[in-house]
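Residue strings, one per chain:
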Amino acid sequence: SNFSYIRGLGYHVPERVYTNADLEKFVDTTDEWISSRTGIKQRHVVENETCLDLTFEATQKALKNAGMEADELTHILVATFTADTIIPSTACLLMERLGLKHRIPMDISAACSGFVYAVEVARALINLNPDSKILVCGSEVLTSRVNWEDRSTCVLFGDGAGAIILTSEDCENSGKVIDVLLSSEGESETLTVRGSGSAYPYKLGDVVGEEHFIQMQGRSIYRKAVRSMSSISNEILAKHGFTTKDVDLLIPHQANLRIIEAVGKKLELPTEKVFVNVDKFGNTSAASIPIALAEAKEIGAIKSGDLVLLATFGGGLTWGSTLIQF
Ligand code: ACO
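Identification of the protein as Beta-ketoacyl-[acyl-carrier-protein] synthase III from Maridesulfovibrio ferrireducens is taken from an unreviewed UniProt entry. Its UniProt record gives the protein the following Subunit (unreviewed entry) comment, quoted word for word: "Homodimer." Its UniProt record gives the protein the following Pathway (unreviewed entry) comment, quoted word for word: "Lipid metabolism; fatty acid biosynthesis."

Membership of the largest hydrophobic core comes to 100 residues, with the highest contact counts inside it found for Leu77, Ala79 and Val136. Non-local contacts of leucine 77, meaning those with residues more than four positions away in its chain, are made with Ala91, Met106, Ile108, Ala118, Val121, Ala122, Ile134, Leu135, Val136 and Cys137.

Moving on to the site of the ligand. For the ligand, the set of nearby residues contains 23 residues, the closest of which are Thr29, Trp33, Arg151, Gly218 and Ala255. Of all the secondary-structure elements, those providing two or more residues to the shell around the ligand are α2 (31-38), α6 (151-154), α7 (218-239) and β12 (307-314). Here the shell around the ligand gets five residues from one element, more than from any other, and that element is α7. For the shell around the ligand, a count of residues per class yields twelve nonpolar, eight polar and three charged.

The next thing to look at is the sheet that holds strand β1 (residues 4-12). Within a sheet, adjacent strands bond to each other through the backbone by hydrogen bonds, running parallel or antiparallel. Spatially, nine strands are ordered β5-β4-β6-β7-β1-β8-β13-β12-β11 in an open sheet, and the strand pairing comes out mixed. Looking along the sheet, the strands with just one partner apiece sit at the ends: β5 (104-108) and β11 (249-252). The mean angle between the axes of side-by-side strands here comes to 25 degrees, regardless of whether they run parallel or antiparallel. As paired elements, β11 and β12 share four bridges and run parallel to each other. For isoleucine 251, the partnering residue across the bridge sits in β12 and is leucine 310.

Okay, the environment of valine 274 next. Tracing the sequence through the fold places valine 274 in the loop between α8 (257-266) and α9 (278-281). Valine 274 sits in the buried class, given 20 other C-beta atoms within 10 Å. Here the alpha-carbon distance between valine 274 and aspartate 248, two residues 26 residues apart in the chain, equals 8.7 Å. Valine 274 has contacts with Leu250, Ile260, Gly264 and Leu269, leaving out every residue within four places of it along the chain.

The pairing of β1 with strand β8 (residues 175-184) spans three bridges and is classified as antiparallel. Each residue of the ladder has a partner; that of tyrosine 5, found in β8, is lysine 176. As judged from the eight bridges shared by β8 and strand β13 (residues 318-325), these two strands associate in the antiparallel manner. Each residue of the ladder has a partner; that of lysine 176, found in β13, is glutamine 325.

What follows concerns the pairing of strand β4 (residues 75-79). Buried residues dominate β4, accounting for five of its five residues. A two-sided burial pattern is seen for β4, the buried positions comprising His75, Leu77 and Ala79 on one face and Ile76 and Val78 on the other. Note that β4 and β5 share five bridges and pair parallel. Each bridged residue has a counterpart across the sheet, and for leucine 77 the counterpart in β5 is methionine 106. As a crossover connection, the stretch from β4 through helix α4 (residues 90-98) into β5 is right-handed.

Right, let's talk about the environment of aspartate 179 for a bit. Summarising the element assignment, aspartate 179 is placed in strand β8. Using a count of 15 C-beta atoms within 10 Å as the deciding quantity, one classes aspartate 179 as partly exposed. On a C-alpha basis, the gap between aspartate 179 and glutamate 120 in space is 8.5 Å, while along the polypeptide they are 59 residues apart. Residues contacting aspartate 179, with those up to four places away along its chain left out, are Ile236, Lys239, His240 and Leu323.

Glancing now at the UniProt feature "active site" (unreviewed entry) in the protein. UniProt records the feature "active site" (unreviewed entry) for Cys112, His253 and Asn283 in the present numbering. For this annotated set, covering 172 residues, all C-alpha atoms fall within 8.9 Å of each other, a compact arrangement in space. Look at cysteine 112 and you get buried, because 32 C-beta atoms sit within 10 Å. Those residues within four positions of cysteine 112 in sequence are excluded, and the remaining contacts are His253, Ala255, Ser285, Ala286, Ser288, Thr312, Phe313, Gly314 and Gly315. With respect to the helices and strands, the residue asparagine 283 is situated in the loop between α9 and α10 (288-298). Exposure remark for asparagine 283: the 25 C-beta atoms within 10 Å place this residue in the buried category. Aside from chain neighbours lying at most four places away, what touches asparagine 283 is Leu156, Phe157, Gly158, Gln254, Ala255, Asn256, Val278 and Ser288.

Once that is clear, we can look at unusual backbone geometry. In this structure, the amide linkage connecting isoleucine 87 to the following residue, proline 88, adopts the cis form with an omega of 0 degrees. With respect to the helices and strands, proline 88 occurs in the loop between β4 and α4. A cis amide bond links glycine 316 to the next residue, leucine 317, at an omega of -10 degrees. Positive phi values are uncommon outside glycine, yet alanine 111 reaches one of about 50 degrees. Tracing the backbone through its elements, the reader meets alanine 111 in the loop between β5 and α5 (114-128).

The rules behind each value
- Residues numbered from 1 in each chain as written.
- Predicted model: local features only at pLDDT ≥ 70, side-chain atom pairs only at ≥ 80, totals over all residues.
- UniProt positions renumbered as here; feature names shortened; annotations may be inferred.
- Core = buried A, V, L, I, M, F, W, Y, C linked by C-beta atoms within 7 Å.
- Buried ≥ 20, exposed ≤ 12 C-beta atoms within 10 Å, placed from the backbone.
- Contact = placed C-beta atoms within 7 Å.
- Near = placed C-beta within 6 Å.
- Helix = DSSP H or I, 4+ residues; strand = E, 2+ residues; numbered from the N terminus.
- Nonpolar A, V, L, I, M, F, W, Y, C, P; charged D, E, K, R; others polar.
- Pairing = 2+ DSSP bridges.
- Axes fitted to C-alpha atoms, helices over the stretch in contact; angles between N-to-C directions.
- Right-handed = clockwise from strand over helix to strand, strands pointing away.

Here is the structure:
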């Protein structure tokens, strides 16, 4: 089988920032509560930008980073649950904006794990056709699904997009995707966004109800996220003859600093080997891992030769891990 290589990475977040102090103005919360429970200090929130706008900017940066032109792309995969429109998909809208025709565009839905799921789809496509050059994005305007009156959820989320390009060619500076492991537990209660689904249709004149927003059982997610991310990380390492001592950097889904720290601890990784940017961006769902990966590369937290481990967890419930050799 053909390996997939990461040729370019990029991320983009909207300019506007809501600090914890800003949130104190509209919900009954404090910077102290948010910081101590989540590690989040601020999040970026769209003003006029849409999911497509964020995806487009991240894509431009990934293309530039790869030294590629948009028309070299064969497939466009966008992991999101906050697409601009139900039809067309974000991937189709992005094709239009990039001026492309006759490509293979699709959105992929696996909540926060969407990006890692999309990487696995891209790997399969590259195995079907080694000439594929696949753009894989994770993009969310989560704040469109945030109830700004619910303090137990609104403090957690932010907007942003990240993108990578996967090919079968090993180039200078590229990251070899050694493997992806995915798992899930199909269930319908722990984390939901139900509104506008066909079982929860909107009718003309409806007032948006609670089901429009992200609803979650925070404690349950916390426990399951720690358990699932650490076990699937150990599994992928063992499968390839590695131990956690071989890992140079763990990039976990950026949901919450306490979850991230608990996963790092279970894997016995020192804190400097666990990448954290949740303080700046909050939880950006499917965008969280590609943003973190692109930022880590940009700031030199990933060096040539490094073994990088991704671990994700999200609604569905879905989880997964990825091993990349840079
Ligand atoms: N400010 C102040 N008080 C708050 C806030 C807030 N923003 N939110 C909740 N509280 C209050 C609650 O009302 C509750 O008060 P009560 O005891 O009087 O009822 C109290 O704080 C404690 O609430 P808990 O829910 O018990 O707090 P907990 O310690 O469990 O922390 C948290 C909550 C941070 C949500 C935690 O459960 C968590 O991190 N869960 C993971 C959730 C998550 O990351 N979801 C993201 C989506 S899924 C994913 O991406 C993997």
